[in-house]
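Take a look at the letters that make up each chain.
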Amino acid sequence: MEVKDCPVCGAKSFKEVFKAPFFRGDGELFAIKECTSCAFWVTSPRPNDEDLGVYYEAGNYISHTSKKESLIDHLYVAVRNYSLKRKLSLINKVNKGVGDLLDYGAGTGHFLTVAKSAGWKTEGVEISGDARAVAEKENKLSLVSPEEFKWSSTYDVVSMWHVLEHLPGLNEHLAKFSKALNKNGALVVAVPNHESYDAKVYGESWAALDVPLHLYHFKKNNVEKLALKHGLVMEAVHNMPFDSFYVSMLSEKVATGKGNIIRAFFRGWQSNRKGRKAKNMSSLIYILRKSN
Ligand SMILES: [Zn+2]
């Protein structure tokens, strides 16, 4: 389906940036288009909502498994464990202590497990039945599907770690998240940043484009504008320094067909060096505070 209206500004005119490959699967090309008014990037045309699941299956989507096979998978798991602690200390700081937390797109529940043991009252939503089963079995967490989830409670923090870019109905979701926040609550959102150095170097091979699973491709001013539409103020932006390395490793594979670890490491390091001060690394965490 073709994206007709820009989800950020509502304009109806787009120009093609490039075509990127479905690197998790058969390499099918998907166009990335830029809004000619606000420069927001969308994957367009993209699969219909009901066809997206096929691409997740074909891509053997790693975020939902705990399997450790290749070196990249090992690295992914090691980095994830370290990052969990950093995410916890971030939400503690954002909320000035523990409180009520909703993790939307909770995967296999690793983050909620860490938050729960630190004293947060936790709830989690996850679309994948397989991931929910792993969460139950390995982490003793019961997550609910988006269909089952009742938007009846409110939370101090709603977190989404690399989830927002996957959700059809961007504005509909943001409206729900904003409504689900307590007064002064915060939406904590991690998404890739296509203004980073690694994104620019790899272009259409940049793995964090991850088409067609990623429906939108964010940069800071898009997020700020989008948040304001839903009564949320961009209070802070944080770099995610490990993503640059992981994404560069994957991108080397997309670009050349094999992993060049040395070059990937160098690119990741360069991206972090250039992005550190400007908050412009490969992935960013946005703190979006409810303003009313
Ligand atoms: Zn726009």
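Anything mentioned here points back to the structure above.
What this report covers is the structure whose coordinates are included nearby. Here the residue numbering is sequential within each chain, running from 1 through the sequence in written order. Given that the model is predicted, a residue must reach a pLDDT of at least 70 before its local features are reported, and side-chain atom pairs must reach 80 or more before they are shown or counted; all residues, however, enter totals for whole chains, interfaces and linings.

**Details of the packing of helix H2 (residues 71–95) against helix H3 (residues 110–117)**
Helix-helix packing is described using two parameters, namely the angle between the two axes and the distance between the axes.
Piece 1. Only C-alpha atoms enter the line fits that serve as axes; for helices the fit covers just the stretch in contact. Angles between N-to-C directions range over 0 to 180 degrees. Secondary structure elements follow DSSP: runs of H or I of four or more residues count as helices, runs of E of two or more count as strands, with numbering from the N terminus. It is at 10 Å that the axes of H2 and H3 come closest, and there the two elements cross at 50°. Relative to H3, H2 is oriented oblique. By crossing handedness, the relation of H2 to H3 is classed as right-handed. Within the contact between the two elements, H2 uses Arg-80, Leu-84, Lys-87, Leu-88 and Ile-91 and H3 uses His-110, Phe-111, Val-114 and Ala-115.
Piece 2. Partitioning the contact of H2 with H3 into residue classes produces six nonpolar, one polar and two charged. Our angle categories are set so that under 35 degrees counts as roughly parallel, over 145 as roughly antiparallel, 65 to 115 as roughly perpendicular, and the remainder as oblique. Take the far helix as the reference: if the near one is turned anticlockwise from it by less than a right angle, the crossing is left-handed, and if turned clockwise, right-handed. For every residue pair, C-beta atoms are placed from the backbone, and the pair is scored as a contact if these atoms sit within 7 Å. Note that Gly is not counted as nonpolar here; it falls among the polar residues with everything else outside the nonpolar set of Ala, Val, Leu, Ile, Met, Phe, Trp, Tyr, Cys and Pro and the charged set of Asp, Glu, Lys and Arg.

**A closer look at the pairing of strand S10 (residues 283–290)**
For a regular strand, side chains alternate in direction, first toward one face of the sheet and then toward the other.
Piece 1. With respect to burial, S10 is a largely interior element, seven of its eight residues being buried.
Piece 2. For strand S7 (residues 181–192) and S10, the ladder comprises seven bridges, and the chain directions are antiparallel. Each bridged residue has a counterpart across the sheet, and for Pro-192 the counterpart in S10 is Ser-283.
Piece 3. As judged from the seven bridges shared by strand S9 (residues 232–239) and S10, these two strands associate in the antiparallel manner. Bridged to His-238 within S10 is Ile-285. Residues with at least 20 other C-beta atoms within 10 Å of their own are called buried, those with 12 or fewer are called exposed, and the rest are partly exposed. The C-beta atoms themselves are positioned from the backbone. In this analysis, strands are considered paired if DSSP registers two or more bridges between them.

**Overview of the nonpolar core**
Piece 1. By our criterion, buried Ala, Val, Leu, Ile, Met, Phe, Trp, Tyr and Cys residues that link up through C-beta atoms within 7 Å make up a nonpolar core. Among the nonpolar cores identified, the biggest contains 74 residues, and Val-157, Val-158, Leu-187, Val-188, Val-189 and Leu-288 are the most heavily contacted of them.
Piece 2. If you tally residues by element for this core, the top one is helix H8 (residues 241–256), at eight residues.
Piece 3. The contacts of Val-188, once residues within four sequence positions are left out, are Ile-91, Val-94, Val-157, Ser-159, Ile-285 and Ile-287.

**Overview of the environment of Pro-47**
Piece 1. Secondary-structure assignment places Pro-47 in the loop between strand S3 (41–43) and helix H1 (52–58).
Piece 2. Sequence separation between Pro-47 and Glu-2 is 45 residues, and the spatial gap between their C-alpha atoms is 8.9 Å.
Piece 3. Excluding residues that lie within four positions of it along the chain, Pro-47 makes contacts with Leu-52, Tyr-55 and Pro-212.

**Regarding H2**
Piece 1. Its 25 residues give H2 an end-to-end C-alpha distance of 36 Å, which sits within 8% of 36 Å, the value for a rise of 1.5 Å per residue.
Piece 2. Regarding H2, the residues found buried are Lys-87, Ile-91, Val-94 and Asn-95.
Piece 3. Looking at the packing, one finds that the buried side of H2 touches strand S4 (100–104), H3, strand S6 (155–161), S7 and S10.
Piece 4. Downstream of H2 by one or two residues, Lys-96 has phi in the positive range, about 50°. In this analysis, the expected span of each helix is defined as 1.5 Å times one less than the number of residues it contains.

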